[in-house]
Amino acid sequence: MWVLMYVFSYSVSPAATNDKAEWRLLPTVVFQEFSNEERCRAAKTTLESSLSHAGERLKSGLEDLKSLGKADPSQIIIAYNVECLPK
């Protein structure tokens, strides 16, 4: 058995908000079991691609808001890690 572990978190710079509760959000951890390493690695690749694409879309949207003086993409940090581990 193999386990795909996916960790996602993001944080907001203190300069971006006055609400201290939003400065650092706790990570989300998800586990999914696979019967073999090959299937786990295929899911890992797909998930990483999807997360990368989502990050690019978010950054693009923030750039649009920045041009209107409403946001600054440098204020938001998005991080993720995806691993396949033997169970």
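Residues numbered from 1 in each chain as written. Predicted model: local features only at pLDDT ≥ 70, side-chain atom pairs only at ≥ 80, totals over all residues. Heavy atoms only, no water.

## Looking at the overall build of the chain
Next, step 1: Within the chain one finds one helix and three strands.
Next, step 2: The N-to-C order of helical and strand elements in the chain reads β-β-α-β.
Next, step 3: The proportion of buried residues among the 87 residues of the chain is 21%.
Next, step 4: Put simply, the chain shows about 6,300 Å² of open surface, and 55% of that area lies on carbon and sulfur atoms. (Helix = DSSP H or I, 4+ residues; strand = E, 2+ residues; numbered from the N terminus. Buried < 20%, exposed > 50% of the residue type's maximum accessible area, 1.4 Å probe, protein only. Areas by Shrake-Rupley, 256 points an atom, 1.4 Å probe, with all protein chains shown as cover.)

## A short note on the state of the cysteines
Next, step 1: Within this structure, the stated rule accounts for one disulfide.
Next, step 2: Each disulfide pairs two cysteine sulfurs, and for C40 the partner residue is C84, the sulfurs being separated by 2.2 Å. With the S-S dihedral at roughly -110°, the linkage between C40 and C84 falls on the left-handed side. A residue pair is termed long-range when its members are at least 10 positions apart, and C40 in helix α1 (residues 37-67) and C84 in strand β3 (residues 76-86) qualify at 44 residues.
Next, step 3: For C84, a relative accessible area of 5% corresponds to the buried category. (Disulfide = S-S within 2.5 Å.)

## Section: a nonpolar patch on the surface
Next, step 1: Among the surface-exposed residues, L58, I76 and I78 lie close enough to one another that they form a single nonpolar patch of about 210 Å² accessible area.
Next, step 2: With respect to the helices and strands, I78 occurs in strand β3.
Next, step 3: Residue I78 is classed as partly exposed on the basis of its relative accessible area, which comes to 36%. (Patch = residues over 30% accessible without salt bridge, like charges linked within 9 Å, V, L, I, M, F, W, Y side chains within 5 Å. Salt bridge = Lys/Arg side-chain N within 4 Å of Asp/Glu carboxyl O.)

## Section: the pattern of salt bridges
Next, step 1: Inspection of the entire model under this criterion finds three salt bridges.
Next, step 2: Between K87 and E33 there is a salt bridge; the shortest N-O distance is 2.3 Å. Within this pair, whereas K87 is found in the segment after β3, its partner E33 is found in strand β2 (residues 28-34), the two being separated by 54 residues in sequence.
Next, step 3: For K87, a relative accessible area of 63% corresponds to the exposed category.
Next, step 4: Note that E48 is salt-bridged to K44, the shortest N-O span being 3.1 Å. Here E48 and its partner K44 are both found in helix α1, four residues apart, which amounts to about one turn of the helix.

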